[in-house]
Structure formats: C-alpha cells, structure tokens
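Okay, here's what each chain looks like letter by letter:
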Amino acid sequence: MTSLTALAVLAVVLVVLFDYTNGFHDASNIIATVIASRAMTPIQAVVIVATFEFLGPLLGGTAVANTIGKFVELGDVDARRAILIILAGLVGAIVWNLGTWWLGIPSSSSHALTGGLCGAVVASVGAGHVIWGFGELGRGHVTGVTKVLMGLLLSPVVGFVIGFLLQKISALLLRRARPSANTGLRRAQWVTSAWLAFSHGANDAQKSMGILTLVLLLAGRIADFAVPFWVMLICASAITCGILSGGWRIVRTVGFGIYKIRPIHALDAQLTSAGVIYAASLLGAPVSTTHVVSSSIMGIGAADHAREVRWAKAKEILTTWLVTIPGSAAVSVVTILIIRLFW
C-alpha cells in the first residue's frame, strides 16, 4: 500500500468517525422534544429516528456535499499534503464534537467542520486556498465559506420566527380543545419526528459525503467531484450508528433546559426544524440542527410565555455558537503543528 493510499484510507476512517460523532452529538436534538412531550419512549424514538436518518443521505440529493467539498481549493497542493490538511481539519471537528458532548453543551458539527477545515488550510497553505466567497457575494452569487456561514447564521433566525408564528397559529386553532387533544398531538409526532430525522440525515451526512469525495478526488480515485453511491452508503450508516448510540447528555438541555415542552410545543418544534433543515438541504446550505431546534423552541416559548423561556441557557448556546468555529480551527492548527513534527 502506497503512502497516498494509506492516507486516503485513514481519511475515510476519520470521516466515518466524524460522521459517527455527528450522529451521536445530534441524536438528542432530534429526539429531545419527542421524549420531553412523552410522545414516544426513548427506544421507540431512537428506532424511528435511526430509520429515517439512514434514508436521508440516500434520498436527499448531494447539494450540501457539493458546497462542503468545494469551499477549499487544494488541487494545486501535493496530494499527500492536501489529504493531511483534511485529516487535521477532521481532527479539529471531532475533538470539538466530543468535548461539547462531554460538557452537555449543544454545539454545531457544521460549525466545527467549517472551522476545522479553514484553520487547517490557512495554517498549512494560506488563506488563498479557501474559497471565501465575499467578492462573489457582492456580485449576487453566494458560494464558498460565505454560503456555509449564511446557512449557519440565518437558519436559527428563520427557525425562531417560524416557531413563533406556528405556535401562535396552533394556540389559536386549539384554544378550545380538550386535554384529550394531546393524544392526537403525540401521535402526529411519529410523522414529524421522522421528517426531522430524514431532513437531518439529508443535511448533516452530506457534509461527510462532501469531504470524503474531496479526498477521493485528491487521491486520484475519481476523475471529477461526483459523490459515489458507496460513499453515500457508508456516511448514512455511520451517522445512523451515531444516532443509535445517542448523546443523552444534551437531551436535558434541549428537551428540558430551554422551555417546558408540552405536546403542542414538541409538534411545532419538529415541524419548524424539519422544514427549515430540509429547505436548506435543497438549497445546498449546511445548517446546524442543534441551533435550528434550539431556536425553534425559543421562538415557540416566546410565543407562549416569554418569561418562562430560560434565556440564560439560550445565552450559553449562543456563546458556544460563536466560539465553535475559532475553537475547532485552533484544534486543527495544533494538529497541523504536531503533524509537522513527525512528518
């Protein structure tokens, strides 16, 4: 096995590991409202979510993969060095995911991956190898890091607004409903949670698909940037295994730490989050499920009883949101420095 092939194999392993930590980290975001509203048992929730999570990457297209795989340009860099840079970026994202999971803080795998890759590329070959997209934005074309950041920044705002409006409409429609209506609301969550899982898989697994396809292109294993089916399959499997493992530490934060969730709130949160994430997937914009779900719950709480929303927890989530990109970038830079000592 040549050194280039060995590096490519190692990259595949790290991509699968990142995808697993992504699913492990985000499992709570998808099942938290279902469990908090008692619509399903934890086992039922995990089985339903895992099933549709697996289908998302296979049926959700490759628009997000194209965005993630093309916001760094390493075609003029030696193939071995280019793959090492990607490895360092993946290490930054994985370490950040595991660290925030251990602390029980809802963080963004998308932010972590973006920060990790940008940090590794800038530290190794310079900022010129990152497609920032700022100039193109002035000409009305959204691309590169700008497209990634716009998706990450705008989606929580959209989630908050839609969640607020949807809760107002739901409260109006159900203002005279009897408590027995909660049974129907809980049953409806079997559909909405499945859609949320499908949307999450269609968006988040594509990030790994994009990185893995880029590695194959740099290693000369494929002629152009087109996601092979086996890459879809392996990424779908890895993120589903992560979902099945479950990051239960964050369930308490999302399901109970922001607002007291009742069946109507859970249903509205799932509808809002699934719609925002799926729309972003079609547009090729990577988003953070953590932040979309959290912001939708905040919007729903603000529409219902704003004073009962735990805004301090929202501040904690926002702080993590802001520091994730520089934090994961710093980890990837340290990884680059370690690689230089031994390579």
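Residues numbered from 1 in each chain as written. Predicted model: local features only at pLDDT ≥ 70, side-chain atom pairs only at ≥ 80, totals over all residues. Heavy atoms only, no water.

1. Quick word on helix H5 (residues 109-125)
Phase 1 of the analysis: End to end, H5 covers 24 Å across 17 residues, agreeing with the expected 24 Å (1.5 Å per residue, within 8%).
Phase 2 of the analysis: Among the 17 residues in H5, 15 count as buried, and that is most of the element.
Phase 3 of the analysis: Gly126 occupies a position one or two residues after H5 and carries a positive phi of about 100 degrees. (Helix = DSSP H or I, 4+ residues; strand = E, 2+ residues; numbered from the N terminus. Expected span 1.5 Å × (residues − 1). Buried < 20%, exposed > 50% of the residue type's maximum accessible area, 1.4 Å probe, protein only.)

2. Looking at unusual backbone geometry
Phase 1 of the analysis: Phi angles above zero are rare outside glycine, and Arg38 is one such case at about 60 degrees.
Phase 2 of the analysis: With respect to the secondary-structure elements, Arg38 resides in the loop between helix H1 (3-36) and helix H2 (42-59).
Phase 3 of the analysis: Given a relative accessible area of 70%, Arg38 falls into the exposed group.

3. Some words on the pattern of salt bridges
Phase 1 of the analysis: Going through the model one piece at a time under the given rule, you end up with two salt bridges.
Phase 2 of the analysis: Residue Lys207 is joined to Asp204 by a salt bridge in which the shortest nitrogen-to-oxygen separation is 3.0 Å. Remark: Asp204 and Lys207 occur in helix H8 (residues 181-218); sequence separation between them is three residues, near one turn of the helix. Taken as a pair, Lys207 and Asp204 share a single burial class, namely buried.
Phase 3 of the analysis: Between Asp304 and Arg262 there is a salt bridge whose closest N-O contact spans 3.1 Å. Of this pair, Asp304 sits in helix H12 (residues 289-305) while Arg262 sits in the loop between helix H10 (251-256) and helix H11 (263-283), and the two are 42 residues apart along the sequence.
Phase 4 of the analysis: For Asp304, a relative accessible area of 23% translates into the label partly exposed.
Phase 5 of the analysis: The partly exposed category is assigned to Arg262, whose relative accessible area is 35%. (Salt bridge = Lys/Arg side-chain N within 4 Å of Asp/Glu carboxyl O.)

4. Describing the layout of surface pockets
Phase 1 of the analysis: In this model, the largest pocket occupies a volume close to 270 Å³.
Phase 2 of the analysis: Considering the residues around the largest pocket, the lining is formed by 17 residues, among which Leu174, Asn182, Leu185, Arg262 and Ile264 are closest to the centre.
Phase 3 of the analysis: Elements with a contribution of two residues or more to the lining of the largest pocket: helix H7 (144-173), H8 and H11.
Phase 4 of the analysis: The leading source of residues in the lining of the largest pocket is H8, at four residues.
Phase 5 of the analysis: For the lining of the largest pocket, the class distribution of residues is eight nonpolar, four polar and five charged.
Phase 6 of the analysis: In this structure, the second largest pocket encloses a volume near 220 Å³.
Phase 7 of the analysis: Together, 13 residues line the second largest pocket, and Met150, Gly151, Ala280, Leu283 and Ala285 are the ones closest to its centre.
Phase 8 of the analysis: Here the lining of the second largest pocket gets six residues from one element, more than from any other, and that element is H7. (1 Å grid on protein atoms, 1.4 Å probe; cavity = no way out; pocket = protein on both sides within 12 Å on 5 of 7 lines; lining within 4 Å. Points joined across faces, edges and corners; volume = space filled by probe spheres on them. Nonpolar A, V, L, I, M, F, W, Y, C, P; charged D, E, K, R; others polar.)

5. Regarding the packing of aromatic side chains
Phase 1 of the analysis: Going through the model one piece at a time under the given rule, you end up with two aromatic pairs.
Phase 2 of the analysis: Relative to Phe134, the ring of Trp132 lies with its centre 6.2 Å away and its plane at 15 degrees, an arrangement referred to as stacked.
Phase 3 of the analysis: Among the residues examined, Trp132 registers a relative accessible area of 28% and is labelled partly exposed.
Phase 4 of the analysis: Look at Phe198 and Tyr278: their rings are 6.2 Å apart centre to centre, the planes differ by 45 degrees, and that puts the pair in the tilted class. With Phe198 in helix H8 and Tyr278 in helix H11, this pair connects stretches of sequence that are 80 residues apart.
Phase 5 of the analysis: In this structure Tyr278 comes out as partly exposed when scored by relative accessible area, which is 29%. (Phe/Tyr/Trp six-rings, centres within 6.5 Å; stacked < 30°, edge-to-face > 60°.)

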